[in-house]
Amino acid sequence: NTGGIPEMCTNDTGVILQNDSELVKSIEIAVCKLAEDSNMRRRLGDNGRKRVEDMFTADSYGRNFINILIEK
């Protein structure tokens with residue numbers, strides 16, 4: 001949960017961890033949970049792909065850029 005990660009990755013598309021003294025343990029827990037839960041992996045993957053397609057393709061970038069210009 002540092003830098004631009006929260007803007008790019010949400011709890012619906014990935015596992016957001018706090019960058020604190022427990023980070024290594026948090027990574028271990030998150031990796032184990034993902035390894036054990038195929039539904040969670042599928043959901044996060046599907047949501048991540050949709051987010052990229054909605055926000056980061058050339059078409060979506062153009063639409064978002066135009067919307068920003070219209071709002072100004």
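Each chain carries its own residue numbering, running from 1 in the direction its sequence is written. Totals for whole chains, interfaces and linings use every residue, but because this is a predicted model, local features are given only for residues with pLDDT of at least 70 and side-chain atom pairs only at 80 or more, for both listing and counting. To obtain the side-chain values, all non-hydrogen atoms of the structure were used and water was disregarded.

A. Just the pattern of salt bridges, in detail. In the sections that follow, a salt bridge refers to a side-chain nitrogen of Lys or Arg positioned within 4 Å of a carboxyl oxygen of Asp or Glu. Evaluated as defined, the whole model comprises 4 salt bridges. Residue Lys25 is joined to Glu28 by a salt bridge in which the shortest nitrogen-to-oxygen separation is 3.4 Å. Of the two residues, Lys25 and Glu28 both sit in helix 2 (residues 23-36), 3 residues apart, roughly one turn of that helix. The cut-offs for exposure are 20% and 50% of the maximum accessible area for each residue type, with area from a 1.4 Å probe on protein chains only; residues under the lower value are buried, those over the upper are exposed, and the others partly exposed. By relative accessible area, Glu28 is classed as partly exposed at 42%. The helix and strand labels rest on DSSP assignments: H or I over at least four residues marks a helix, E over at least two residues marks a strand, and numbering proceeds from the N terminus.

B. Here's a closer look at the packing of helix 2 against helix 3 (residues 38-55). Between helix 2 and helix 3, whose axes approach to 5 Å, the crossing angle comes to 100°. By the angle between their directions, the pair helix 2 and helix 3 is classed as roughly perpendicular. On helix 3, the residues that touch Lys33, Leu34, Ala35 and Glu36 of helix 2 are Ser38, Met40, Arg41 and Leu44. Of the residues that constitute the contact of helix 2 with helix 3, the class distribution is 4 nonpolar, 1 polar and 3 charged. Axis lines are fitted to C-alpha atoms, over the contacting stretch for helices. Their N-to-C directions set the angle, which ranges from 0 to 180 degrees. Roughly parallel refers to an angle under 35 degrees, roughly antiparallel to one over 145, roughly perpendicular to one between 65 and 115, and oblique to any angle outside these ranges. The contact rule is simple, with two residues in contact once any of their heavy atoms fall within 4.5 Å. Gly is placed with the polar residues, together with every amino acid not listed as nonpolar (Ala, Val, Leu, Ile, Met, Phe, Trp, Tyr, Cys and Pro) or charged (Asp, Glu, Lys and Arg).

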